[in-house]
Amino acid sequence: MSFKVTLQPSGRPFTAQADTSLLQAALDAELLVPYGCRDGACGACKAKILEGQVDHGKSPFTTLPETDRAAGMALMCCAHARSDLSIECRDVRSAHDIPVRKLPCRVQNLEKLAPDVMLLRLRLPPSEVFQFLPGQYVDFMLADGQRRSFSIASAAHADNSLELHVRLIPGGQFTSHVFSAMKERDILRIEGPLGSFSLREDNTAPVVFLAGGTGFAPIKAIIEDLIAREIERPITLYWGARERSGLYLHELAERWARQRADFRYVPVISEQPPEGWSGRTGLVHHAAMQDIPDMSGHQVYACGAPAMIDSAKKDFSERCGLPLSSFYADAFTFSANNPV
Ligand SMILES: Cc1cc2nc3c(=O)[nH]c(=O)nc-3n(C[C@H](O)[C@H](O)[C@H](O)COP(=O)(O)OP(=O)(O)OC[C@H]3O[C@@H](n4cnc5c(N)ncnc54)[C@H](O)[C@@H]3O)c2cc1C
Ligand code: FES
């Protein structure tokens, strides 16, 4: 059974089958609505149902509590249409005809950037052109059917390779394998590109990038793309880590700041600043709030641990006047197959 869904205020329509999530139905219609994890963990796809009924499916109460449900909210990645629908979704873009594909790839090289961060470069099949928007991610499809998500850290893909930054999760199945057993020429299977985290270019507002740890990866892709296309826009990058080693490409960020007059880089260490560290300390989003107490004219792109993103979203909007519609985030949630 199929239903007509209309996104408001744009009026853009799509058709949703009763057994397909609203997110999948929108993407199938080449409408890029906000989303991240696709399994109910990050909340990026939360939208208000203005008219009609949905089945919330496997929406977890942690992400979609009873109060949200009572207020008509739904997670588009979990909800299914049960009637024609009208849904409030202000941030809807065309998917630019970028297909989501499943591809084999080879490990081209592995390089330790920090004790717990590995650069993993993947070589795609020579005949394939893998299109993506800088900021998007890929899923590894593991042999047992599980998936693991990693952001693409490179903007250019002319050489048919993808760069990823993998943080080691103690006891983590996939990341432990990357650090201890994976080797060059291994074959992996990926699906992508996925996610809606990418620069909104319909606007020239100053940009604040907020990266926590390997949350730097998709932000690096976006910045390298901006630099390559010579897009002029005031940019401040706040990159936070517990220790100095967590700022694993610090010199690259410093180079961007030297290259561009409109680029500022603020590294922030939260736990163990090294001897002689003259930079900022504390929480990375607090540093941004100290520097930019009025964020009303900015766009913020935040990426990293879900707790950092939740705090930044709340504090920036409540205390610095950032409109919620100008906060874009990619939360590094865990695979739903795992107990949290
Ligand atoms: C859209 C998206 C993009 C991502 N991009 C990146 C990226 O570019 N770089 C990157 O390093 N990570 C990224 N992540 C996080 C990454 O997917 C997970 O860290 C990874 O799936 C862990 O896999 P694993 O098999 O090693 O751990 P699992 O075997 O899945 O987990 C083992 C244990 O660790 C816990 N755990 C799992 N992941 C984390 C975590 N991230 N932090 C704390 N505890 C955890 C689990 O709850 C479980 O108890 C991204 C996540 C999402 C959703
Ligand atoms: S909760 Fe739906 S995309 Fe993450």
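Considering all chains together, one arrives at 21 salt bridges under this definition. Salt-bridge contacts for Asp262 lead to Arg260; the nearest nitrogen and oxygen are separated by 2.9 Å. Within this structure, Arg38, Asp139, Arg147 and Glu191 form a network of salt bridges that share partners.

Here we take up the packing of helix 6 (residues 284-291) against helix 7 (residues 306-320). The interhelical angle for the contact between helix 6 and helix 7, taken along N-to-C directions, is 20°, at an axis separation of 9 Å. Taken together, the axes of helix 6 and helix 7 lie roughly parallel to each other. Note on packing geometry: the crossing formed by helix 6 with helix 7 is right-handed. Here Val284, His285, His286, Ala288 and Met289 of helix 6 lie close against helix 7, whose contacting residues are Met308, Ser311, Ala312, Asp315, Phe316, Arg319 and Cys320. Residues belonging to the contact of helix 6 with helix 7 are distributed by class as follows: seven nonpolar, three polar and two charged.

In this section: the packing of aromatic side chains. Pairs of aromatic rings are described using the distance from one ring centre to the other and the angle between the two planes. In total, this model carries 13 aromatic pairs according to the counting rule given. Between Phe197 and Tyr301, the ring centres sit 6.2 Å apart and the planes meet at 70°, which makes this aromatic pair edge-to-face. Here Tyr301 lies in strand 20 (residues 299-304) and Phe197 lies in the loop between strand 15 (187-194) and strand 16 (207-212), a separation of 104 residues in the sequence. For the pair formed by Phe197 and Tyr301, the shared burial category is buried. Taking 3.8 Å as the distance between ring centres and 10° as the angle between the ring planes, the aromatic pair formed by Phe216 and Trp239 counts as stacked. Of the two residues, Phe216 sits in helix 4 (residues 216-228) while Trp239 sits in strand 17 (residues 235-243), which places them 23 residues apart along the sequence.

With respect to the secondary-structure elements, Phe150 resides in strand 13 (residues 147-151). A sequence separation of 28 residues divides Phe150 from Leu122, and the C-alpha atoms of the two residues are 12 Å apart. Beyond its immediate sequence surroundings of up to four residues, Phe150 is in contact with Tyr137, Val138, Phe140, Leu164, His165, Val166, Phe174 and Thr175.

A few words on the sheet that holds strand 13. Pairing is antiparallel in the open sheet, where six strands are placed in the order 13-12-15-10-11-14. Two strands in the sheet have a free side with no partner beyond their single neighbour: strand 13 and strand 14 (161-167). Averaged over all neighbouring strand pairs, the angle between strand axes comes to 40°, with direction disregarded. Relative to strand 14, strand 11 (residues 117-123) runs antiparallel, the two being bridged by seven bridges. Along strand 14, the bridge assignment pairs Leu119 with His165. Here helix 3 (residues 173-180) sits on the sheet and contacts strand 10 (101-114), strand 11, strand 12 (137-141), strand 13 and strand 14; the angle it forms with strand 14, its principal contact strand, is near 110°. Along the sheet face, helix 4 touches strand 13 and strand 14 and points at about 150° away from the line of strand 14.

Attention shifts here to the domain arrangement of the chain. When its domains are assigned, the chain resolves into domain 1 (2-94), domain 2 (101-194) and domain 3 (207-331). If you average the C-alpha positions of domain 1 and of domain 2, the two centres end up 29 Å apart. Contact with domain 1, which involves five residues of that partner, is made by six residues of domain 2. Roughly 380 Å² is buried in total at the junction of domain 1 and domain 2, and carbon and sulfur atoms are behind 41% of that figure. Counting the surface domain 1 buries against domain 2, the share from its top three residues, Leu32, Tyr35 and Arg38, is 78%.

Looking along a regular strand, one sees the side chains alternate between the two faces of the sheet. Among the eight residues of strand 15, six are classified as buried, and the element is accordingly described as predominantly covered. Pairing between strand 10 and strand 15: six bridges, direction antiparallel. Among the inter-strand pairings, Lys102 is bridged to a residue of strand 15, identified as Glu191.

With that settled, the discussion passes to unusual backbone geometry. With glycine set apart, most residues show a phi of negative sign, and most peptide bonds adopt trans. Following Gln8, the chain continues into Pro9 via a peptide bond in cis, with omega recorded as 10°. Along the polypeptide, Pro9 turns up in the loop between strand 1 (2-8) and strand 2 (12-17). Here the amide bond leading from Gly192 into Pro193 is cis, since omega sits at -5°, within 30 degrees of zero. Tracing the backbone shows Pro193 in strand 15. The backbone of Glu30 sits at a positive phi, close to 60°, despite the residue not being glycine. You can see Glu30 is positioned in the loop between helix 1 (22-28) and strand 3 (31-32). A residue is classified by how much of its surface remains accessible, and Glu30, at 37% relative accessible area, is partly exposed.

The end-to-end C-alpha separation of helix 4 is 18 Å, in line with the 18 Å expected for 13 residues at 1.5 Å each. The buried fraction of helix 4 amounts to 10 of the 13 residues, a majority that puts the element mostly inside the structure. Where helix 4 ends, the next residue or the one after it, Glu230, has phi of about 55°, a positive value.

Conventions and cut-offs
- Residues numbered from 1 in each chain as written.
- Chains lettered and ligands numbered in written order.
- Predicted model: local features only at pLDDT ≥ 70, side-chain atom pairs only at ≥ 80, totals over all residues.
- Heavy atoms only, no water.
- Salt bridge = Lys/Arg side-chain N within 4 Å of Asp/Glu carboxyl O.
- Axes fitted to C-alpha atoms, helices over the stretch in contact; angles between N-to-C directions.
- Helix = DSSP H or I, 4+ residues; strand = E, 2+ residues; numbered from the N terminus.
- Parallel < 35°, antiparallel > 145°, perpendicular 65-115°, else oblique.
- Left-handed = near helix turned anticlockwise from the far one by under 90°.
- Contact = heavy atoms within 4.5 Å.
- Nonpolar A, V, L, I, M, F, W, Y, C, P; charged D, E, K, R; others polar.
- Phe/Tyr/Trp six-rings, centres within 6.5 Å; stacked < 30°, edge-to-face > 60°.
- Buried < 20%, exposed > 50% of the residue type's maximum accessible area, 1.4 Å probe, protein only.
- Pairing = 2+ DSSP bridges.
- Domains from an automatic or database assignment.
- Buried area = accessible area lost by both parts, 1.4 Å probe.
- Expected span 1.5 Å × (residues − 1).

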